[in-house]
Amino acid sequence: MAYDSFSHFLQALDEAGELIRVPDPVATELEITALVDREMKQPEGGRALLIERPTVDGEISPFPVAVNTLGSYRRMALCFQADSVETAAAELGSLMKAKPPTGVREAMKLLTTALELRHAKPKIVKRGACQEVVHRFDDSGGECPISSDCPTLLNMPILKCWPEDGGRFITLPCVVTKDPVTGERNVGMYRIQIYDSQTTGMHWQLQKVGARHGCQYYETGTRMPVSIFIGGDPVYPFCATAPMPDGLDEFLLAGYLRKRSVELVKCLTSNLEAPASADFVIEGYVDPTEPLRPEGPFGDHTGFYTLKEPYPVFHVTAITHRKDAVYPATIVGIPPMEDFYIGAASVKLFLPILQMNFPEIVDIALPAEGVFHNLVFVSIRKTYPMQAYKIMHGLWGMGQMMFTKYFVIVDDDVDVHDTSQVLFRLCANTDPKRDSIVTKGPADVLDHATDAIGRGSKMGFDATRKLASEGFAREWPPLIRMDPAVQSRMDRLWESLARRVPWTSAVLGRIRDKNPGSDLLPRRFRVFSRCCDAVRRRPQATLSPQRLLVGEAPARPAPLSCVRATSPLALPCNGPSPPWTPHPTNPHPSAICRRAGEYRLTRRRETFRRAACRFPKSQCGITHQSIPVP
């Protein structure tokens, strides 16, 4: 079932334990960014945050702000309503590789695929929730409010992300434009800087489809209608950033992914459409006769500020929204951040399409440090000379891959998602002069290192094994690998050895390593250590890297109470408990959750809880992954 609203998606995140609710007032000026940046840097992208009481110039906004909602692989899978991103990619790949049937069984399978495609085409509806509240502006710049509590660009909870930003920016907008000749629709994502209550900047870059549509309007001197929608089904912003083939409607992909047609409503002041389930819709136009206006600076996904540049001005004619609207936003900056997971999902989803053109490609990875366009790793099945260079040139000619500054091509036995493996092969398998190539091409306009905007140089490395047919006269040595049978036996022995090591001994060892010469920490930890060992000896006790589960004692009819804490040292006990959300301003809180009729915590487990919560997480250096599994 597709998401009916962004609130519906947030509910799914909450039920999956992927959402933190922040009830405290947090300012849209810098504070939300500082809070969310901390969460985005957590392992696996942290969790989504719902700021329930954001403030704009000190005033509480009626619209909550949701951030980092797509900032992990699990949340991207929830966005697609699939078990994993790979599952969604496999479904799309099977569609791309469909062939004419040769029998009844294959015909039925193809018919099933065709039935799934019936949802791809969007459909027009007469009304939608996105127009429950309407705020119009007239052409002269005056306001014509239908309701006194309608928002403007100045009181919506739009973020100012970084200190040197030129103002507030809408960071997750889906911008709808149409080709004036063909009528083809495009949905792109271009940041929107707020100038005043009715005008914004329109940062569409040189190579973007929206800019191409704009050029056609500039040639004729006629107003260009533009609509911007925010929120709705979370697949919308994903599709707006996806590397779709030119001329293909992004709403087709959205309908396929959500397995339900996208319902569109006509805008009130233009001939464009917007999703009926969107939370906000900002309607307006760009006037080609108006001079460009400086836009920026903006703290961008490159990790640096994009400096001021002239861009078109967008004039607002109407703002509509849902009565229960939520304002989705993202922040970009020094990686890794939310956009890394969105980009990684795009690569996985469109990899089957690339493999149709380049069947030798095994996998592609965009490491976070490369901020999408700077660095790309590709693994291939190499069968003939100079095949790595063929892949480089081919990918440089495909869509947004033209912005890639560095390609590293490796063999198919390398996991390109493991940067360490790729760098090992790059250093070991290359001769700098022989195995590198430098060429020229288009560059991202956000790249501050190029001599001129939009153009630059590129470099590719062939880190594959070298063939004799490539002129390599020496014998290529084999990679060191252990015998699989021996490795399997030793893996089992290693697991049995780990079970013999007391859990608390391993923890204390890590503490002593991190705090050499200090006996204070082990002394403070001693009570906790004894409690842990005591609980370990109880029947039905099970240890895992993340929690200590203790089953019900035979004499007790009710489950034990639950102890939870953010520290990996505070291990929760088994038993049902209400959902618990940590307070964002306290990095080391704990909470005791009791159900009615349950027994009180024993003194020993209470002591264990206090010891765990009192122990400084920052001084311990222990993570879920570092604790051995007994």
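Everything quoted here is computed from the prediction, not taken from an experiment. (Residues numbered from 1 in each chain as written. Predicted model: local features only at pLDDT ≥ 70, side-chain atom pairs only at ≥ 80, totals over all residues. Heavy atoms only, no water.)

Caption draft 1: Representation of the overall build of the chain within the structure. Broken down by element type, the chain carries 16 helices and 31 strands. When each of the 630 residues of the chain is scored for burial, the buried share is 52%. Sequence-distant contacts, at least 24 apart, represent 69% of the contacts inside the chain between residues at least 6 apart. Of the accessible surface of the chain, which amounts to about 30,200 Å², a share of 55% is contributed by carbon and sulfur atoms. (Helix = DSSP H or I, 4+ residues; strand = E, 2+ residues; numbered from the N terminus. Buried < 20%, exposed > 50% of the residue type's maximum accessible area, 1.4 Å probe, protein only. Contact = heavy atoms within 4.5 Å. Areas by Shrake-Rupley, 256 points an atom, 1.4 Å probe, with all protein chains shown as cover.)

Caption draft 2: View of the sheet that holds strand E5 (residues 123-124). Judged by pairing direction, the sheet is mixed, and its 3 strands sit side by side in the order E5-E14-E15 without closing on themselves. The open sheet has two edge strands with one neighbour each: E5 and strand E15 (273-275). As defined by bridge partners, strand E14 (residues 263-266) adjoins E15 across 3 bridges and the pair is classed as antiparallel. Its bridge partner lying in E15, Lys-266 is registered against Glu-273. (Pairing = 2+ DSSP bridges.)

Caption draft 3: Quick peek at the sheet that holds strand E27 (residues 455-462). The strand order across the open sheet formed by 5 strands is E23-E24-E25-E27-E26, and the pairing between neighbours is mixed. Here the strands that pair on one side only, and so sit at the sheet edges, are strand E23 (361-365) and strand E26 (436-442). Between one strand and the next, the sheet's axes are offset by a mean angle of 20°, whatever the strand orientation. When E26 meets E27, the two strands line up antiparallel, connected through 7 bridges. Note on E27: the bridge partner recorded for Val-438 is Met-459. Lying over the sheet, helix H10 (residues 387-396) contacts E23, strand E24 (375-380), strand E25 (406-411), E26 and E27, oriented at roughly 150° with respect to E27. Where helix H11 (residues 419-429) meets the sheet, it contacts E24, E25 and E27, and its direction lies at approximately 90° from that of E25. (Axes fitted to C-alpha atoms, helices over the stretch in contact; angles between N-to-C directions.)

Caption draft 4: Geometry of the nonpolar core. Counting 52 residues, the largest nonpolar core has Leu-10, Met-76, Phe-80, Phe-229, Phe-238, Leu-257 and Leu-349 as the members making the most contacts within it. Top element by residues in this core is helix H9 (residues 338-357). It accounts for 6 residues. Look past the residues within four positions of Leu-257 in its chain and what remains in contact with it is Phe-80, Val-235, Phe-238, Cys-239 and Leu-349. Listed in part, the 42 residues of the second largest apolar core include Ile-32, Met-40, Ala-211 and Met-337. (Core = buried A, V, L, I, M, F, W, Y, C linked by side-chain atoms within 4.5 Å.)

Caption draft 5: Structural view of the packing of aromatic side chains. Summed over all chains, the structure comprises 14 aromatic pairs. Pairing Phe-63 with Phe-280 gives two aromatic rings, centres 5.1 Å apart and planes at 80°, and the pair type is edge-to-face. Note that Phe-63 is positioned in the loop between strand E3 (59-60) and strand E4 (65-67) and Phe-280 in strand E16 (residues 280-286), a separation of 217 residues in sequence. Residues Phe-63 and Phe-280 agree in their burial class; the two are buried. When the ring of Tyr-236 is compared with that of Phe-251, the centres are 6.3 Å apart and the planes differ by 90°; the resulting orientation is edge-to-face. Of the two residues, Tyr-236 is situated in helix H7 (residues 235-241) and Phe-251 in helix H8 (residues 250-258); the sequence distance between them amounts to 15 residues. (Phe/Tyr/Trp six-rings, centres within 6.5 Å; stacked < 30°, edge-to-face > 60°.)

Caption draft 6: Seen up close, the side chain of Asp-287. Among the structural elements, Asp-287 can be located in the loop between E16 and strand E17 (293-295). Sequence-distant contacts of Asp-287, defined by excluding residues within four places in its chain, comprise Tyr-218 and Val-313.

Caption draft 7: Main features of a nonpolar patch on the surface. Nonpolar side chains collect at one region of the surface, where Met-490, Leu-493, Trp-494 and Leu-497 lie side by side and expose about 420 Å² of accessible area between them. Mapping Trp-494 onto the fold places it in helix H12 (residues 484-500). Of the residues examined, Trp-494 reaches a relative accessible area of 63% and is grouped as exposed. (Patch = residues over 30% accessible without salt bridge, like charges linked within 9 Å, V, L, I, M, F, W, Y side chains within 5 Å. Salt bridge = Lys/Arg side-chain N within 4 Å of Asp/Glu carboxyl O.)

Caption draft 8: Structural detail: the packing of helix H3 (residues 73-80) against H9. Contact geometry of H3 with H9 gives a least axis separation of 9 Å together with a crossing angle of 60°. In terms of axis orientation, H3 runs oblique to H9. The handedness of the crossing between H3 and H9 is right-handed. For the pair formed by H3 and H9, the contact residues are Tyr-73, Met-76 and Phe-80 on the first element and Phe-340, Tyr-341, Ile-342, Ala-344, Ala-345 and Lys-348 on the second. Grouping the amino acids of the contact of H3 with H9 by side-chain chemistry returns 8 nonpolar, no polar and 1 charged. (Parallel < 35°, antiparallel > 145°, perpendicular 65-115°, else oblique. Left-handed = near helix turned anticlockwise from the far one by under 90°. Nonpolar A, V, L, I, M, F, W, Y, C, P; charged D, E, K, R; others polar.)

Caption draft 9: How the structure looks around the pattern of salt bridges. Tallied over the full model, the rule gives 28 salt bridges. Here Asp-233 ties to Arg-258 by a salt bridge, and the two come within 2.9 Å at their closest N and O atoms. With Asp-233 in the loop between strand E13 (224-230) and H7 and Arg-258 in helix H8, this pair connects stretches of sequence that are 25 residues apart. One connected set of salt bridges, linked through shared partners, spans Lys-178, Arg-185, Asp-249, Lys-266 and Glu-273.

Caption draft 10: Main features of the confidence of the model for the chain. When the pLDDT values of the chain are averaged, the result is 80; 73% of them are 70 or greater. Below pLDDT 50 for its whole length, residues 614-630 participates in 46 contacts with residues either more than four positions away or in separate chains. (pLDDT = per-residue confidence, 0-100.)

Caption draft 11: Representation of H10 within the structure. Counting buried positions over the 10 residues of H10 gives 8, a clear majority of the element. Among the residues of H10, Gln-387, Ala-388, Tyr-389, Ile-391, Met-392, Gly-394, Leu-395 and Trp-396 are the ones counted as buried.

Caption draft 12: Structural detail: the side chain of Thr-450. If you trace the backbone, Thr-450 turns up in the loop between E26 and E27. Looking at Thr-450, the relative accessible area reads 19%, which means it is buried. One polar contact links the side chain of Thr-450 to the main-chain carbonyl oxygen of Asp-447, over a distance of 3.3 Å. Those residues in contact with Thr-450 that sit more than four places away from it in its chain are Ala-443, Arg-455 and Gly-456. (Polar contact = N/O pair within 3.5 Å; in protein donor to acceptor, adjacent residues only side chain to side chain.)

Caption draft 13: Summary view of the environment of Gln-198. Mapped onto the elements, Gln-198 comes out in the loop between strand E11 (192-193) and strand E12 (199-201). Judged by its relative accessible area of 12%, Gln-198 falls in the buried class. Expressed as a C-alpha distance, the spacing of Gln-198 and Ala-318, which sit 120 residues apart in the sequence, is 9.0 Å.

Caption draft 14: Structural detail: the pairing of strand E2 (residues 48-56). Of all 9 residues in E2, 7 are buried, a share of seventy percent or more. Here strand E1 (residues 19-27) pairs with E2 via 7 bridges, running parallel. Looking at the pairing, Ala-27 lines up with Thr-55 of E2. One crossover worth recording links E1 to the parallel E2 by way of helix H2 (residues 31-40), and it is right-handed. (Right-handed = clockwise from strand over helix to strand, strands pointing away.)

Caption draft 15: Fine view of H11. Those residues of H11 that sit buried are Val-422, Arg-425, Leu-426 and Asn-429. Angularly, the buried residues of H11 cover 100° about the axis, an arc narrow enough to put them on a single face. Relative to its buried face, H11 has exposed residues pointing more than 90 degrees away, namely Ser-420 and Cys-427. Residues of H11 that are buried sit in contact with E24, E25 and E27. By the N-cap criterion, in which a side-chain oxygen at the helix start approaches the backbone nitrogen of a residue two or three places on, H11 is capped by Asp-418, the distance to Ser-420 being 3.1 Å. (Arc of directions from axis to C-beta.)

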